[in-house]
Amino acid sequence: MERCTRVLISDPEEWKGKWRELMPQARELRLELGCGKGGFLARLASRNPDVNYIGVDITDKVLILAKRKIEAAYAEADRPIDNVKIMSTDIERIKGVITPEDTVSRIYINFCNPWSKNASNKHRLTYPRQLIQYRDFLKDGGEIYFKTDDDDLFRDSLTYFPASGYDIIWQTYDLHENEPEWNIRTEHEGMFTEMGIKIKALIARKKAGDDSVTWVEPKVLKKLAAQAEAEASAKAEGEGNV
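The structure presented is a predicted model; accordingly, all values stated were derived computationally and were not measured. (Residues numbered from 1 in each chain as written. Predicted model: local features only at pLDDT ≥ 70, side-chain atom pairs only at ≥ 80, totals over all residues. Heavy atoms only, no water.)

Draft legend 1. Up close: unusual backbone geometry. The phi torsion at Thr103 lies on the positive side, around 50 degrees, for a residue other than glycine. Among the residues examined, Thr103 registers a relative accessible area of 32% and is labelled partly exposed. (Buried < 20%, exposed > 50% of the residue type's maximum accessible area, 1.4 Å probe, protein only.)

In structure tokens:
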């Protein structure tokens, strides 16, 4: 019973494929990837008792702050903390703790590191390699809600999602111009808005079937190009010897 009442899960690998056992009362499971200090997650989860939430971040120190914010939000709402958990995990290895058996219906990605240098793009949480990983446990028709202040990351993500088997069903280059009722402003969102930076956002929906994924790893493309070049050179050399 003690495990079921914990907010911060120190052994997430043990719950791989069994997250619903920790929170059996809710109808669906949603993730926030890169939950940080937990302000967004605390408000979202405390307002939606019929949905289970898991917040994921790689930094243990910020998760302590997230735990406190969750406890405060639930105390204010005067209800038990029975539908939210947080854990420390490298999101690039998220399949080590979340599986198809967990059946996630929605993922939130808010103001992740844009990794602006080309060599670092592969670490983006919306890079195709990551988006394809999420397909493993996100149900068909499940959605990803993505917000960022970074123009380059948003522009690139508009190509990442379709190549990874998602339809972009809504997008905006200025979230606050006609702010949707569902939006919960994060700490970063408030900070960037005060700086005059417009917030970009989109909602992407997972398409069914692996054939919806068209993206190919750059190193694979490079290898294929080298093979094609070698075959062309061999063919030309053979024709020259005739």
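Draft legend 2. How the structure looks around the pairing of strand S4 (residues 84-88). With respect to burial, S4 is a largely interior element, 4 of its 5 residues being buried. Direction of pairing for strand S3 (residues 51-57) relative to S4: parallel, over a ladder of 5 bridges. Its bridge partner lying in S4, Gly55 is registered against Ile86. (Helix = DSSP H or I, 4+ residues; strand = E, 2+ residues; numbered from the N terminus. Pairing = 2+ DSSP bridges.)

Draft legend 3. Spotlight on the sheet that holds strand S7 (residues 166-172). Strand order in this open sheet of 8 strands is S1-S4-S3-S2-S5-S6-S8-S7, and the pairing throughout is mixed. The open sheet has two edge strands with one neighbour each: strand S1 (8-9) and S7. Sheet analysis places S7 next to strand S8 (residues 200-206), joined by 6 bridges and oriented antiparallel. Across the sheet, residue Thr172 finds its bridge partner in S8, namely Ala201. With respect to the sheet, helix H5 (residues 128-135) is in contact with strand S2 (28-33), strand S5 (104-110), strand S6 (138-148), S7 and S8, its orientation differing from that of S6 by roughly 140 degrees. (Contact = heavy atoms within 4.5 Å. Axes fitted to C-alpha atoms, helices over the stretch in contact; angles between N-to-C directions.)

Draft legend 4. Main features of helix H3 (residues 39-47). Burial analysis of H3 places 7 of its 9 residues in the buried class, which makes it a mostly covered element. For H3, the full list of buried residues reads Gly39, Phe40, Leu41, Ala42, Leu44, Ala45 and Ser46.

Shape is all these values report; function is a separate question.
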